[in-house]
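Chain and residue survey
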2 protein chains.
Amino acid sequence: MGTETAGPEARQPVMADVAKLAGVSHQTVSRVLNGAPHVRPGTRDRVLAAIRELDYRPNSAARALVTRRSQTLGVVSFESTLYGPASMLDGIERAARSAGYFVSVASLRSLDTRSVQEAVDRLRDQGVEGIVVIAPQTSAVSAVAKVSSSVPVVAVGSGARSSIPTVTVDNRSGAEAATRQLLDLGHRTVHHLAGPAGWLESQDRQEGWRRALKAADARVPTLAAGDWSSRSGYEAGQRIALLTDVTAVFCANDHMALGLLRALHEAGRSVPGDISVVGFDDIPEAAYFIPPLTTVRQDFGELGRRALELLVAELGGSDHPISRIRIAPEMVLRRSAGPARRA
Amino acid sequence: MGTETAGPEARQPVMADVAKLAGVSHQTVSRVLNGAPHVRPGTRDRVLAAIRELDYRPNSAARALVTRRSQTLGVVSFESTLYGPASMLDGIERAARSAGYFVSVASLRSLDTRSVQEAVDRLRDQGVEGIVVIAPQTSAVSAVAKVSSSVPVVAVGSGARSSIPTVTVDNRSGAEAATRQLLDLGHRTVHHLAGPAGWLESQDRQEGWRRALKAADARVPTLAAGDWSSRSGYEAGQRIALLTDVTAVFCANDHMALGLLRALHEAGRSVPGDISVVGFDDIPEAAYFIPPLTTVRQDFGELGRRALELLVAELGGSDHPISRIRIAPEMVLRRSAGPARRA
DNA sequence: GTTCCGTTTGTTCGCGCTCACAACCGGGCC
DNA sequence: GGCCCGGTTGTGAGCGCGAACAAACGGAAC
C-alpha cells in the first residue's frame, strides 16, 4: 500500500484516494456523490475539490454490483438502417439520457423467435434494467412476449395487440384518413399498395383503408403488396400502370410510393393528373418527390421518447396494468393527390 | 443464510448456488464458465447441468469489477437518423457482437466541444473500453481528439486528417471519379453542389471535384453549397435552373440530388437531356428517383465494421501508430447522367 | 514403498462501492 | 452539571466474481 509509487501506470483514482485527499472517510465521499443529506457544506466543498483535483470518476461496475442497478436500458431493433427505426432509436436515446440511463443496443439478425431470444438474452446478460423493442413484426412481438424475462419490456412502433405495453401511432386511423382524403377528392375508390404480411403496421393500415372504403360504400379493389422498399413499389407500380381504372393509390409507406411514382412516370401516367398517390410516414424526402408526396406523418422520435418514458414509469414500480399509448398521426397535404378526373 | 426460504421474490441465483447444487466450489463453476483448462469432464457436466437447472446467468457487474473490463464499447453519433450514420451504427453493432462486446450509444446534441466532451464522459462513466465516433464534422473530430481520454478512440466516416485512427471512404477519389465521368460524357465543365462547410466529407468531395476539373483543364465554376438535406438541394436547384450554361452537376450527396432533380423538373429542364446529375452515397432510394440517379456508392455498413475491427485491434494491445483505413467507393451508373448536348 | 510432478479442486482475498449501524459532537433542557 | 437529541462522520460488512495460492489426488519413475 504505502509502497505504491505513482508509477508510469498510475491507476485510476478510487473513492479512498479522494477521501484521503479531502481528509474524510470514503463514506462521506459517497454521500457527497449521491447527494445524501447531513453533510456539512465545508466538508462537501473539500470533497468536491478533491474529486476535481484527482479527476475522480466513480466506478460504475462497483456501484452496479452493490445497488443491483445497472442504469442501463436495452434496445432491440430490426432493420435499424431505415428512417423509422433509426429515428425511434434516436428518440429513445435522448429520453433515456434525460432519465439518467445508458442505452445499449442489440440488433436482430432475423425475425424468428430464436434471434429475438438471443438479443434479449444478450441484453439481460449485460444487466439491463428494462428493454424497448423496436420490431414491428407480428412474429417479433409475439416472440418477445414469449421470452419476456424478468425484466420489463416495452414495444414501440409495432401494432397494438400484443400482451406487452406498447407505444404506437394509430395506423388504422391514419390510413383511414388518407383513404378518405382521396375519396373526398372525388375518386370512386382507392387502391392500396400494402406492406408485407406479418407486419402489424401492414395489417392496421390495410384495415383503416378498408374501413374508409366501406364507410363510403366504395368498391374494395384487390390488394397489391410490397415489402416496404422502393423497388417493390416500383414493381407494383408497373402492374398498376397497366390497370386503366385506377385513379388513386394509397401506399403503406413513402418508400414504396417513391417507386410507384417512378413506375407511373415511366408509363406515362401523370400524378396527380391521371392517378393520385398518398404515402405514409412523411420521411424527410417525401416533400421532394416528383410530385411532392401527400402522406401521413408519424413522429418517430416522439414514439421512441414515449416508449422510453413508459418503460421508466414501469421501472419506477408503478406496475399498472398493460398500457397502450396510441399517438394520432397527421395528414400532410402535398401535390401528389388531386381531384379525380372529370370531377 | 440457512433461513433463506425461496420466498415469492427468490433472488437471482449466484455462482455459489450453482456450486452448491453441483457439489463443487464456486471457483470450479467459474472455471467452467471461463473455459479454463484442468476441469474433469464429469465435473464440467455437473456444473453445466446445475447452471441450466437454475437458469443461472453470471453477474456482469461483478465480473467487470474484478476483471476491470466492461466488455462494452461506446458509440458517439450525430444525426443518427440519417441513412449513413444509421447504417454505420448497424455495422458497428454487428461487428461488436461477433467480437464479444456490447454497444452503448450516446448521441450528440450539437457539435461543439462541450457536447462531445459530455458524450464521451458519459460513455467513460459507464466504463466503456473504447469508443467509435461517427461524427464527420471537422469540429467534432478535433473535439474528440482533444478530449481523447484514457480510452482508445476511432473515428469513422469522417475525413482523414485527424490525429486519431480513422476509417473512411475515399471521398476525394470518389468525387473525382464522379466528375470525370461527367467530363468524359462530353460536358465542358461540371458544377458542384457541395455539402456544408465544416464537414470533412464536404471538403474532400469538393477537392476531388476540383482536381478532376483541373486535370481536364476545365473551368472551375463557382460553388453552390447545401446542408445535405433535400430541401437545400431544392433551393440550390432553383438557382441553378436559372443558369443557362449549366449542363452537369455533381451533388455531394443523394438527398440534395433529389431536391435538385425536383427543382430542375419544375423549371422544365430535363435530366439528363438538359442537365446531367450525379450524386454521392447511393442510398437505397437513389435507384428510384426520376430519373434513376447515377451516384457514388459507399458501403456504410462495411465502414462501421472496419472501424470496430480497428478499435478491437487497438484494444488487443497492438498500439501500432495511428492507422487510417480508406475504402474505395464505387461508381453506379444510372440514367441521370448522359452525354452533353450537341455532342 | 517412496518421491516427484502434473492434474484437479478448494480457500482466501480483494475489486470499489453502498448500506447499516456505531460513534461523536454540540446545544438545549431540566 | 448531566442528559437527551439531532446533525454529522466513521467503521465494518458484503455485493458476486476471478486471481493467486494451497491442498489433495493419483500415476510414473526410481
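An account of the accompanying structure is given in this report. Predicted model, so just to flag it, every value in this text is computed and none were measured.

Conventions we followed
- Sequence order as written defines the numbering, with residues in each chain counted from 1.
- Naming scheme: in the order in which they are written, chains are lettered from A and ligands are numbered from 1.
- At least 70 in pLDDT is required for a residue's local features to be given in this predicted model, at least 80 for side-chain atom pairs to be given and counted, and no such filter applies to totals for whole chains, interfaces and linings, which use all residues.
- Remark: hydrogens and water are excluded; side-chain values derive from all non-hydrogen atoms of the structure.
- In this analysis, two residues are considered to be in contact whenever any of their non-hydrogen atoms come within 4.5 Å of each other.
- Accessible area that two parts lose when put together, evaluated with a 1.4 Å probe and summed over both, is termed the buried area.
- Any carboxyl oxygen of Asp or Glu that lies within 4 Å of a side-chain nitrogen of Lys or Arg is treated as forming a salt bridge with it.
- Any pair of nitrogen or oxygen atoms within 3.5 Å is treated as a polar contact; in protein, a donor-acceptor pairing is required on top of that, and neighbouring residues in sequence qualify only through side-chain atoms on both sides.
- Secondary structure elements are taken from DSSP: a helix is a run of H or I of four residues or more, a strand is a run of E of two residues or more, and numbering for both begins at the N terminus.
- DSSP-based pairing: two strands are paired if at least 2 bridges between them are found.
- The fit set for superposing copies consists of C-alpha atoms from residues with pLDDT of at least 70 in both; the fit itself is least squares.
- Proximity criterion: a residue is near a molecule or strand once any of its heavy atoms comes within 4 Å of it.
- Three categories are distinguished: nonpolar for Ala, Val, Leu, Ile, Met, Phe, Trp, Tyr, Cys and Pro, charged for Asp, Glu, Lys and Arg, and polar for the others, with Gly belonging to the last.
- Lines fitted to C-alpha atoms define the axes here, with helix axes fitted over just the stretch in contact, and angles between the N-to-C directions of these axes take values from 0 to 180 degrees.

1. Considerations on the interface of chain A and chain B
- Contact with chain A, which involves 55 residues of that partner, is made by 55 residues of chain B.
- When chain A packs against chain B, the two sides together hide about 4900 Å² of surface, and 51% of this comes from carbon and sulfur.
- Looking at the side of chain A facing chain B, the largest losses of area belong to A:Arg97, A:Tyr288 and A:Ile290, adding up to 16% of the total buried there.
- Taken together, the links from chain A to chain B amount to eight salt bridges.
- With a shortest N-O distance of 2.9 Å, B:Arg335 and A:Glu266 are connected by a salt bridge.
- In this structure, the connection of chain A to chain B is made through 28 residue pairs in polar contact (both at pLDDT 80 or more).
- Looking at the side of chain A that touches chain B, the elements that each hand over two or more residues are helix 4 (60–67), helix 5 (83–98), strand 2 (102–107), helix 6 (113–126), helix 10 (230–240) and helix 11 (254–266) of chain A.
- In terms of strand pairing, strand 2 of chain A meets strand 2 (residues 102–107) of chain B through three bridges, oriented antiparallel. Bridged to A:Val103 within strand 2 of chain B is B:Val105.

2. Some points on the relation of the copies chain A and chain B
- Its rotation angle being 180°, the transformation that places chain A on chain B also includes 0.0 Å of axial translation and leaves an RMSD of 0.1 Å. Considering both components of the superposition, the chain copies are consistent with a two-fold axis.
- Here 100% of the interface residues in chain A have copies in chain B that are interface residues too; the copies meet face to matching face.

3. Quick look at the protein's contact with DNA strand C
- Around DNA strand C sit 27 residues in total, of which A:Met15, A:Tyr56, B:Ser25, B:Thr43 and B:Arg68 are the nearest.
- Within 4 Å of the protein, the contacting atoms of DNA strand C are drawn from sugar and phosphate to the extent of 61%.
- Between a base nitrogen of DNA strand C and a side-chain N or O atom of A:Gln27, the distance comes to 3.1 Å.
- Within the side chain of A:Arg63, a nitrogen or oxygen atom sits 3.5 Å from a phosphate oxygen of DNA strand C.
- Elements that contribute at least two residues to the surface near DNA strand C include exactly helix 2 (26–33) and helix 4 of chain A together with helix 2 (26–33) and helix 4 (60–67) of chain B.
- If you tally residues by element for the surface near DNA strand C, the top one is helix 4 of chain A, at five residues.
- Looking at the surface near DNA strand C residue by residue, the class counts come to 11 nonpolar, 12 polar and four charged.

4. Observations regarding the protein's contact with DNA strand D
- Residues in contact with DNA strand D amount to 27 residues; listed here are only the nearest, A:Arg31, A:Thr43, A:Arg68, B:Met15 and B:Tyr56.
- The sugar-phosphate backbone supplies 62% of the atoms of DNA strand D found within 4 Å of the protein.
- Between DNA strand D and A:Arg31 there is a distance of 2.8 Å, counted from a base nitrogen to a side-chain nitrogen or oxygen.
- Residue A:Arg40 places a main-chain N or O atom 3.0 Å away from a phosphate oxygen belonging to DNA strand D.
- Contributions of two or more residues to the surface near DNA strand D are made by helix 2 and helix 4 of chain A together with helix 2 and helix 4 of chain B.
- A per-element tally of the surface near DNA strand D places helix 4 of chain B first, with five residues.
- Tallied by class, residues from the surface near DNA strand D come to 11 nonpolar, 12 polar and four charged.

5. Focus on the sheet that holds strand 7 (residues 224–225) of chain A
Residues and elements named next belong to chain A.
- What the four strands build is an open sheet, ordered 7-6-8-9; its pairing is parallel. Looking at strand neighbours, the two that pair on one side only are strand 7 and strand 9 (276–278), the edges of this open sheet.
- The sheet contact formed by strand 6 (residues 191–194) and strand 8 (residues 248–251) spans three bridges and is parallel. Paired with His191 across the two strands is Val249, which belongs to strand 8.
- Sitting on the sheet, helix 9 (residues 200–215) touches strand 6 and strand 8, and the angle it makes with strand 6 is about 175°.

6. Concerning helix 4 of chain B
- Between a side-chain oxygen at the N-terminus of helix 4 of chain B and the backbone nitrogen of B:Ala61 the separation is 2.7 Å; the capping residue is B:Asn59.
- Immediately downstream of helix 4 of chain B, the backbone of B:Arg68 shows phi near 60°, a positive value.

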